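Next come the chains, spelled out residue by residue.
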Amino acid sequence: MEQYGCVLLKGGKSSRMGGSDKAKLLYRGKSFEERIKGELEQLGLPVFVSEAKKSPDPRAIPDLIPEAGPLGGIYSCLKQTGLDGLFFVSCDMPLFASYLGKRALMEAGDKWDAVIWKTRDGRIHPVCGWYSARCLPVLEKQLLEKNGKVRDLLGKLQVKVLETENEHVPDRWFLNVNTPQALGELTCLKTPVFAVSGKTGEGIDELTHCFAGKRTAFAGPSGVGKSTITNLIIPEANMETSG
């Protein structure tokens with residue numbers, strides 16, 4: 001049986017953030033690193049941290065090739081852990097949810113060299129995905145050519161692309177906070193409010209996207225539509241309604 005793990009990538013220079021360590025930035029009282037590690041730990045796999053240099057953290061994995069970007073981190077972790085595959089997520093994704101890793105790992109195996117995500121705007125997210133150890137020869141060759149572009153690597157691999165639209169996953173989970181402006185936008189995010197109707201179906205798709213991969217509780221007095229909406233989101237629930 002293949003053995004997997006997961007990795008928080010945090011070996012970058014944070015140049016667009018003025019050199020500030022993005023992993024230590026705060027959102028709702030927790031650092032990005034703490035938030036993302038907490039989500040990764042829910043996958044039930046060993047959690048590692050990709051660092052530019054050696055660290056006292058026993059889970060830290062230093063880059064074998066200096067200043068090679070995310071590609072260098074992916075290569076170094078696959079090489080040094082000896083595992084069959086690793087799920088990676090960048091430290092500048094504070095809204096990352098464990099479901100993204102869980103869903104990617106469901107596709108992991110012999111058929112694919114990598115499993116990555118694509119959001120509704122057409123963007124692919126190569127640093128939120130699973131990579132097989134089979135990628136190592138291709139990774140090493142590309143790094144020796146001084147090419148650190150992850151997108152070029154993907155063109156040489158068998159890649160499964162999971163689309164947020166098809167998977168009913170909210171795009172906001174992929175928010176990259178790598179500039180002061182993006183950090184400002186993050187701090188201004190409010191709890192979303194949905195206008196939903198069990199009769200017309202209004203707002204059901206948006207609500208489904210928000211709930212994807214989460215445990216959710218509906219609360220309210222009898223007759224307001226909790227069971228009706230649950231049946232629309234999860235038809236197999238077939239809950240009895242009062243209507």
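Please refer to the structure placed before this passage.
Predicted, not measured: the structure shown is a model, and the values here were computed from it.

S.K.: Can you explain the overall build of the protein chain? Please cite residues and give values.
M.R.: Of the regular secondary structure elements, the protein chain holds nine helices and nine strands. The 243 residues of the protein chain split such that 45% are buried. Accessible surface computed for the protein chain: about 13,300 Å², of which carbon and sulfur atoms make up 51%.

S.K.: Provide a residue-level description of the side chain of Thr164, including the pertinent values.
M.R.: Note on placement: Thr164 falls in helix H6 (residues 164-167). In terms of polar contacts, Thr164 uses its side chain to reach the side chain of Arg120, at 3.2 Å. Sequence-distant contacts of Thr164, defined by excluding residues within four places in its chain, comprise Trp117, Lys118, Thr119, Arg120, Val169, Asp171 and Phe174.

S.K.: Describe the packing of helix H2 (residues 69-81) against helix H4 (residues 136-144), listing the residues and the values that go with them.
M.R.: In the contact formed by H2 and H4, the axes pass within 10 Å of each other and the chain directions differ by 135°. Here H4 runs oblique to H2, going by the angle between their axes. Between H2 and H4 lies a crossing whose hand is left-handed. Taking contact as the criterion, the partners of Leu71, Gly72, Ile74, Tyr75, Leu78 and Lys79 in H2 are, on H4, Leu136, Leu139, Glu140, Gln142 and Leu143. The residue inventory of the contact of H2 with H4, partitioned by class, reads seven nonpolar, two polar and two charged.

S.K.: Can you break down helix H3 (residues 98-107) residue by residue, with the values?
M.R.: Given 3.6 residues per helical turn, the α-helix brings residues three or four places apart onto the same face. Listed in full, the buried residues belonging to H3 are Ser98, Leu100, Gly101, Arg103, Ala104 and Leu105. Phi turns positive one or two residues past the end of H3, at Gly109, with a value near 155°.

S.K.: So what's going on with the pairing of strand S1 (residues 4-9)? Residues and values would help.
M.R.: For S1, the buried fraction is high: six of the six residues fall into the buried class. Burial along S1 is two-sided: Tyr4, Cys6 and Leu8 facing one way and Gly5, Val7 and Leu9 facing the other are all buried. Summarising the sheet, S1 and strand S4 (residues 47-51) pair through four bridges and their orientation is parallel. Residue pairing in the sheet places Leu8 in a bridge with Val49 of S4.

S.K.: Explain unusual backbone geometry residue by residue, including any values.
M.R.: The residue Glu67 is not glycine, and still its phi comes out positive at about 55°. Within the secondary structure layout, Glu67 lies in the loop between strand S5 (60-62) and H2. Despite not being glycine, Lys146 has its phi angle at roughly 60°, a positive value. One can find Lys146 in the loop between H4 and helix H5 (150-154). Owing to a relative accessible area of 76%, Lys146 belongs among the exposed residues under this scheme.

Rules used throughout
Residues numbered from 1 in each chain as written. Predicted model: local features only at pLDDT ≥ 70, side-chain atom pairs only at ≥ 80, totals over all residues. Heavy atoms only, no water. Helix = DSSP H or I, 4+ residues; strand = E, 2+ residues; numbered from the N terminus. Buried < 20%, exposed > 50% of the residue type's maximum accessible area, 1.4 Å probe, protein only. Areas by Shrake-Rupley, 256 points an atom, 1.4 Å probe, with all protein chains shown as cover. Polar contact = N/O pair within 3.5 Å; in protein donor to acceptor, adjacent residues only side chain to side chain. Contact = heavy atoms within 4.5 Å. Axes fitted to C-alpha atoms, helices over the stretch in contact; angles between N-to-C directions. Parallel < 35°, antiparallel > 145°, perpendicular 65-115°, else oblique. Left-handed = near helix turned anticlockwise from the far one by under 90°. Nonpolar A, V, L, I, M, F, W, Y, C, P; charged D, E, K, R; others polar. Pairing = 2+ DSSP bridges.

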